[in-house]
Amino acid sequence: MNFIQTIGYNTLQFIRALGSVCLFFIQILSKSGTALIRFKLSVRQVYFAGVLSVLIIAVSGLFVGMVLGLQGYTQLSKFKSADILGYMVAASLLRELGPVLAAILFASSAGGAMTSEIGLMKTTEQLEAMNVMAVNPVARVVVPRFWAGVFSMPLLASIFNVAGIYGAYLIGVQYLGLDSGIFWSQMQSNISFGYDVLNGLIKSTVFGLAVTLIAVHQGFHSVPTSEGILRASTRTVVSSALTVLAIDFILTALMFTE
Amino acid sequence: MKKSVLEFWVGLFVLLGIFAIGFLAFRVAGGVSVGGGSGKTYTVYADFTDIGGLKTNAPVKAAGVLVGRVGSISLDPQTYQAKVSLNLNSQYQFSSDVSAQILTSGLLGEQYIGLMQGGDMENLEAGDTITLTASALVLENLIGKFMTNFTEQNANGSSTEEPVQAPSE
């Protein structure tokens, strides 16, 4: 009986959290004019969310590409099909790995930082002070961060993809000796901009929206204690990773199933 | 941090992102030609009845050595043959009666063009067309021919057996 109670309680909690996130999203949209009026606030947040994540994204992309190149070449060589390595790596990165891994990395670096920052503002009563000064904290604090995250994510995912493809090129062509013309021509003749690249960009934008929304929501609704901030940051990373994977399944089913 | 420095980094990030998207659009999704190698090249042409799965940028090899790449592939509206342009490295000269053949690396590998040097004293020059060509081996056609021969042989085999069995009945 206790087990069933726990399941029921968690289900209700999940539905409540989902409702809270949706209402918060509507609130952000209604105040989104601030992002355009006070554009420099958003630019500042693009620096914190995007620029500071570039290095980790690029390095991770490079290593993921190198692993794909090495594993792909080893396995494909068994079937005398190592020539399709370029296509295989590009398709894997553009369709799935690029958007998903970049979003998870983004959640753990920029997302966690966003939650902690907003949580700390709440703990030190800065958000309350804004309310007292008739400044809407959602418009002033949350909206620029939200749109900066949504804007940065597709750019970061593209950087991840390019780094990954070069990683595979380094291993496949430079190290293992695959012909560079075949590597690129197989990629070019099989990858389509509208189908693969554009769908990947749409995916990463949706992931950016989800991850940033979770991050700012967790920060804004965190318990204003040091432990509360810690828990909120952890929840941001965990929830974002699970949400990204769940959305990825839905988007893949919609986009890449013929 | 100074506002101008911050704006510079954000601008650089956006440029990097746009460059990445451009790279994916043009280089990965096939907008521009790549992998042509360095050094001077000259272009010659070759007409094939069937190019199979030959693609632009595919290697052109002579005795297994990379000597150039396939530049473009188009259909000749007069002869309805595939016209393939070959960008050959200037350091390699071939005789005017060189032959070109579309080959496959491995069983399921990428197709490439193999050149076989002829005996003519004159060299192939830029803009010339290679006349001696052999088309790609299309596996489906080969299997089709094999199946037809196999069926015919079987049919002939059974018809010769019938008269032998007839007296016993």
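Residues numbered from 1 in each chain as written. Chains lettered and ligands numbered in written order. Predicted model: local features only at pLDDT ≥ 70, side-chain atom pairs only at ≥ 80, totals over all residues. Heavy atoms only, no water.

1. Focus: the overall build of chain A
Piece 1. Of regular secondary structure, chain A possesses nine helices and zero strands.
Piece 2. Along its sequence from the N terminus, chain A presents helices and strands in the succession α-α-α-α-α-α-α-α-α.
Piece 3. Over its C-alpha atoms, taken along the principal directions, chain A stretches across nearly 70 × 55 × 35 Å.
Piece 4. For chain A, contacts bridging at least 24 residues in sequence account for 84% of all contacts bridging at least 6.
Piece 5. A total of about 12100 Å² of accessible surface is found on chain A, and carbon and sulfur atoms cover 70% of it.
Piece 6. Within chain A, the 10 negative side-chain charges are centred at a point lying 9 Å from the centre of the 14 positive side-chain charges. (Helix = DSSP H or I, 4+ residues; strand = E, 2+ residues; numbered from the N terminus. Contact = heavy atoms within 4.5 Å. Areas by Shrake-Rupley, 256 points an atom, 1.4 Å probe, with all protein chains shown as cover. Lys, Arg positive; Asp, Glu negative; His and termini not counted. Charge placed at Lys NZ, Arg CZ, Asp CG, Glu CD.)

2. A short note on the overall build of chain B
Piece 1. Counting its regular elements, chain B contains two helices and eight strands.
Piece 2. Secondary structure elements of chain B, listed N to C terminal, follow the sequence α-β-β-β-β-β-β-β-β-α.
Piece 3. Here chain B, with 169 residues, has 30% of them falling under the buried criterion.
Piece 4. When contacts within chain B are restricted to residue pairs at least 6 apart in sequence, long-range pairs at least 24 apart make up 62% of them.
Piece 5. In the form shown here, chain B has an accessible surface area of approximately 10300 Å², with 58% of it arising from carbon and sulfur atoms. (Buried < 20%, exposed > 50% of the residue type's maximum accessible area, 1.4 Å probe, protein only.)

3. A few points about the nonpolar core
Piece 1. Ranked by internal contacts, the top residues of the largest apolar core, which has 77 residues, are I28, F183 and I191 of chain A together with V28 of chain B.
Piece 2. Core analysis: the second largest hydrophobic core is formed by 24 residues, F48, V67, V84 and I113 of chain B among them. (Core = buried A, V, L, I, M, F, W, Y, C linked by side-chain atoms within 4.5 Å.)

4. Structural notes on the pairing of strand β4 (residues 82-89) of chain B
Residues and elements named next belong to chain B.
Piece 1. Across the eight residues that make up β4, a large majority, six, are buried.
Piece 2. Taken together, the eight bridges between strand β1 (residues 41-48) and β4 define a ladder with antiparallel strand orientation. If you follow D47 over to β4, its bridge partner there is K83.
Piece 3. Sheet analysis places strand β3 (residues 65-75) next to β4, joined by seven bridges and oriented antiparallel. Counted as the bridge partner of S72 is S85 from β4. (Pairing = 2+ DSSP bridges.)

5. Quick word on the interface of chain A and chain B
Piece 1. Counting from both sides, the interface comprises 39 residues of chain A and, opposite them, 33 residues of chain B.
Piece 2. Buried area between chain A and chain B, summed over both chains or domains, comes out near 3000 Å², and the portion from carbon and sulfur atoms is 74%.
Piece 3. When residues of chain A are sorted by the area they lose upon contact with chain B, Y47, L155 and Q188 of chain A head the list and together hold 19% of the total.
Piece 4. Applying the counting rule to chain A against chain B returns one salt bridge.
Piece 5. Residues D179 of chain A and R69 of chain B are paired through a salt bridge, measuring 3.1 Å at the closest nitrogen-oxygen approach.
Piece 6. Inspection of the region where chain A meets chain B yields two residue pairs in polar contact (both at pLDDT 80 or more).
Piece 7. Elements represented by at least two residues in the side of chain A that touches chain B include exactly α3 (39-78), α4 (85-123), α6 (137-175), α7 (180-190) and α8 (193-220) of chain A.
Piece 8. The biggest single contributor to the side of chain A that touches chain B is α6 of chain A, with ten residues.
Piece 9. Here the residues of the side of chain A that touches chain B sort into 22 nonpolar, twelve polar and five charged. (Buried area = accessible area lost by both parts, 1.4 Å probe. Salt bridge = Lys/Arg side-chain N within 4 Å of Asp/Glu carboxyl O. Polar contact = N/O pair within 3.5 Å; in protein donor to acceptor, adjacent residues only side chain to side chain. Nonpolar A, V, L, I, M, F, W, Y, C, P; charged D, E, K, R; others polar.)

6. A word on the side chain of N161 of chain A
Piece 1. The topology assignment puts N161 of chain A in helix α6.
Piece 2. When its relative accessible area of 5% is taken as the criterion, N161 of chain A is described as buried.
Piece 3. Once residues lying within four places of it in the same chain are set aside, the contact partners of N161 of chain A are L93, L94 and G98 of chain A together with L24 of chain B.

7. Focus on unusual backbone geometry
Trans peptide bonds make up the majority, and among non-glycine residues the majority have a negative phi.
Piece 1. Despite not being glycine, A134 of chain A has its phi angle at roughly 60 degrees, a positive value.
Piece 2. Position of A134 of chain A relative to the elements: it lies in the loop between α5 (126-132) and α6.
Piece 3. For A134 of chain A, a relative accessible area of 71% corresponds to the exposed category.
Piece 4. Positive phi, close to 55 degrees, is recorded for Y80 of chain B, a residue that is not glycine.
Piece 5. Relative to the assigned elements, Y80 of chain B resides in the loop between β3 and β4.

8. Quick notes on a nonpolar patch on the surface
Residue and element names in this part refer to chain A.
Piece 1. On the surface, F193, L198, I202 and V206 cluster together to form a nonpolar patch covering roughly 290 Å² of accessible area.
Piece 2. The residue L198 is located in helix α8 in this model.
Piece 3. The exposure class assigned to L198 is partly exposed, which follows from its relative accessible area of 37%. (Patch = residues over 30% accessible without salt bridge, like charges linked within 9 Å, V, L, I, M, F, W, Y side chains within 5 Å.)

9. Regarding the confidence of the model for chain B
All names here are of chain B.
Piece 1. Looking at chain B as a whole, the pLDDT averages 80, with 82% of positions reaching at least 70.
Piece 2. Of all secondary-structure elements in chain B, the lowest mean pLDDT belongs to helix α2 (residues 139-168), at 69, while β4 reaches the highest, 91.
Piece 3. Note that residues 32-37 has pLDDT below 50 and, in this model, ten contacts with residues that lie over four places away or in other chains.
Piece 4. For this predicted complex, the interface score ipTM comes out at 0.83, alongside a pTM of 0.74. (pLDDT = per-residue confidence, 0-100.)

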